[in-house]
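Examining the three-dimensional arrangement
Read off the chains here:
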Amino acid sequence: YGGMGLDFSYNIAVAEELGNIHCGGIPMAIGVQAGMATPALTRFGSDELKKQFLVPTIAGDVVACLGVSEAGAGSDVANIKTTAVRKGDEYVINGGKMWTTSGCQADWMCLLANTSEGPLHRNKSLLCLPMNLPGIHVAKKIDKLGMRSSDTAQIFFEDVRVPSKNLIGEEGKGFTYQMLQFQEERLGALATVLTPLETIIQETIDYTRQRKMFDQSVLHNQAVHFRLAELATEVELLRSLLYRTVALYVEGNDVTKFASMAKLKAGRLAREVTDSCLQFWGGMGFTSEVLVSRFYRDLRLLSIGGGTDETMLSIICKYMETLPSK
């Protein structure tokens, strides 16, 4: 269908390289296109759906978005309320989606919706939804603290009719399909922050070396250069965890625990690095003129999006068997 057929390690290599872009919004948009809106279609979609939606998406001729999160269901995917009711050879969709990256400009959406009244983990399905259908209302582009270049939309559906052939895979398997790609999403997001964190540390070294305070460079202060050395060490440890997890995943192992650990560490380290480095920039760090302030805002999302830190901790505890039995 136009892809190169390479293993997942190449996705990570690309994601790391995208970290050279000096904002978070562009790598995130590319990540949604390549690693969030399309994997379920690639794995489980019909040949007809792949030709209609996957081929032009891979070619870059159309923009895709992922419709999962809702105002009352972010990390708690099972709690979504959007419905897709089967009527003849169509699904009728009602509800809404929130925090939809590329939602204002998307040509189609990979939509997760409830298609039955059954158990929460077995009543959901994925649909390829063209975004030009009657009843789709893009309410607004959301004004955000960071990722300001990202097109993040709130979208509503009112009696939207889509052909039943647009179902990805089997009805009722949507939650499972979505969960299967979460580890890839999280590892990809982690990979995009490694280069920015290194860049921020190096720029802070350069700035504090030339910035004078009390007749010596700020970098000369042991508290400063020791802290930067600690942060650089943490980034390398995170990279090692990422590479180990990816290697295990490519070999076919379940990496849910390690991916959750890596995602948790990445979110917290992004906050730690940007906050510490911004401090060393002094007043300049509080302006919009320097890169560290942009990444301070952009990378804060990593502890929230794709599963919060608290969700990662819950998953890790489950695999460590430290949670009480229900």
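Bear in mind the structure is a predicted one, so any value in this text is a computation, not a measurement. (Residues numbered from 1 in each chain as written. Predicted model: local features only at pLDDT ≥ 70, side-chain atom pairs only at ≥ 80, totals over all residues. Heavy atoms only, no water.)

Turning our attention to the overall build of the protein chain. Within the protein chain one finds 9 helices and 10 strands. In summary, the protein chain has a C-alpha radius of gyration of 21 Å against a globular reference of 20 Å for 326 residues, a match within 12%. Projected onto its principal axes, the C-alpha coordinates of the protein chain cover approximately 80 × 40 × 40 Å. Across the 326 residues in the protein chain, those meeting the buried criterion constitute 49%. Summarising the internal contacts of the protein chain: among those between residues at least 6 apart in sequence, 74% fall at separations of at least 24. Accessible surface computed for the protein chain: about 16000 Å², of which carbon and sulfur atoms make up 55%. The centroid of the 33 positive side-chain charges in the protein chain is displaced by 4 Å from the centroid of its 36 negative side-chain charges. (Helix = DSSP H or I, 4+ residues; strand = E, 2+ residues; numbered from the N terminus. Rg over C-alpha atoms; globule rule 2.2 N^0.38 Å. Buried < 20%, exposed > 50% of the residue type's maximum accessible area, 1.4 Å probe, protein only. Contact = heavy atoms within 4.5 Å. Areas by Shrake-Rupley, 256 points an atom, 1.4 Å probe, with all protein chains shown as cover. Lys, Arg positive; Asp, Glu negative; His and termini not counted. Charge placed at Lys NZ, Arg CZ, Asp CG, Glu CD.)

Within this structure, the stated rule accounts for 4 aromatic pairs. Each ring, one from Phe 44 and one from Tyr 177, has its centre 3.9 Å from the other, and the planes form 15°; the classification is stacked. Residue Phe 44 is found in helix H3 (residues 39-44), and its partner Tyr 177 is found in helix H5 (residues 174-210); the two are separated by 133 residues along the sequence. Residue classification places Phe 44 among the partly exposed residues on the basis of a relative accessible area of 28%. Taking relative accessible area as the criterion, Tyr 177 reaches 6% and is therefore assigned buried. Look at Tyr 207 and Trp 281: their rings are 4.1 Å apart centre to centre, the planes differ by 5°, and that puts the pair in the stacked class. Taken as a pair, Tyr 207 in helix H5 and Trp 281 in the loop between helix H7 (256-280) and helix H8 (291-298) lie far apart in primary sequence, 74 residues in all. Here Tyr 207 and Trp 281 have matching classes, each one buried. (Phe/Tyr/Trp six-rings, centres within 6.5 Å; stacked < 30°, edge-to-face > 60°.)

Attention now goes to the pattern of salt bridges. Enumeration over the complete set of coordinates arrives at 16 salt bridges. Arg 43 is the partner of Glu 184 in a salt bridge, and the nearest nitrogen-oxygen pair spans 2.5 Å. Here Arg 43 lies in helix H3 and Glu 184 lies in helix H5, a separation of 141 residues in the sequence. Here Glu 184 falls in the buried class, since its relative accessible area comes to 12%. For Arg 43, a relative accessible area of 37% gives the class partly exposed. (Salt bridge = Lys/Arg side-chain N within 4 Å of Asp/Glu carboxyl O.)

On to the UniProt feature "domain: Acyl-CoA dehydrogenase/oxidase N-terminal" (unreviewed entry) in the protein chain. Under the local residue numbering, the UniProt record ascribes the feature "domain: Acyl-CoA dehydrogenase/oxidase N-terminal" (unreviewed entry) to residues 1-61. The span residues 1-61 is 67% helix and 0% strand, and its two end C-alpha atoms sit 14 Å from each other. (UniProt positions renumbered as here; feature names shortened; annotations may be inferred.)

What follows is about the domain arrangement of the protein chain. When the parts of a complex come together, some accessible area is lost, and that lost area is often used as the size of the interface. Domain boundaries in the protein chain define domain 1 (37-170) and domain 2 (176-320). A separation of 30 Å is found between the C-alpha centroids of domain 1 and domain 2. In this assembly, domain 1 packs against domain 2 so that about 1300 Å² is buried in total across both faces, 60% of it on carbon and sulfur atoms. Contact with domain 2 buries surface across domain 1, with Arg 43, Ser 75 and Met 147 losing the most and accounting together for 35% of the total. Seen at the junction of domain 1 and domain 2, the total is 1 salt bridge. Applying the counting rule to domain 1 against domain 2 returns 5 residue pairs in polar contact (both at pLDDT 80 or more). (Domains from an automatic or database assignment. Buried area = accessible area lost by both parts, 1.4 Å probe. Polar contact = N/O pair within 3.5 Å; in protein donor to acceptor, adjacent residues only side chain to side chain.)

In this model, Asp 159 sits at a positive phi of 50°, which is unusual for a non-glycine residue. Its location among the elements puts Asp 159 in strand S7 (residues 152-163).

What follows covers the side chain of Glu 184. Among the polar contacts made by the side chain of Glu 184, one reaches the side chain of Arg 43 at a distance of 2.5 Å. Each residue touching Glu 184, except ones within four places of it in the same chain, is listed here: Phe 8, Arg 43 and Tyr 249.

What follows covers the nonpolar core. By size, the foremost hydrophobic cluster in this structure holds 39 residues, and its most contacted members are Leu 197, Ile 201, Leu 228, Leu 242, Val 273 and Cys 277. At the level of secondary structure, the elements contributing two or more residues to this core comprise helix H1 (8-18), H5, helix H6 (222-250), H7 and H8. At 10 residues, the largest contribution of residues to this core is made by H5. Ignoring anything within four residues of it in the chain, the contact list for Leu 228 reads Ile 201, Thr 204, Ile 205, Leu 219, Cys 277 and Phe 280. With 23 residues, the next largest nonpolar core counts Leu 49, Leu 54, Val 77 and Phe 182 among its residues. (Core = buried A, V, L, I, M, F, W, Y, C linked by side-chain atoms within 4.5 Å.)

As recorded in UniProt, the feature "domain: Acyl-CoA dehydrogenase/oxidase C-terminal" (unreviewed entry) lies at residues 172-318. Secondary structure within residues 172-318 divides into 74% helix and 3% strand; the distance between the first and last C-alpha atoms comes to 25 Å.

Moving on to the state of the cysteines. Working definition of a disulfide: a covalent bond connecting the sulfur atoms of two cysteines. Summed over all chains, the structure comprises 0 disulfides. Cysteine Cys 104 is unpaired, with the sulfur of Cys 65 as its nearest cysteine sulfur at 9.6 Å. Residue classification places Cys 104 among the partly exposed residues on the basis of a relative accessible area of 37%. (Disulfide = S-S within 2.5 Å.)

Glancing now at the pairing of S7. Strand direction decides the pairing type here: strand S3 (residues 90-101) and S7, joined by 9 bridges, are antiparallel. Bridge pairing in S7 places Thr 100 opposite Ala 153. Pairing of strand S6 (residues 136-141) with S7 involves 5 bridges; the strand directions are antiparallel. Counted as the bridge partner of Val 138 is Ile 155 from S7. (Pairing = 2+ DSSP bridges.)

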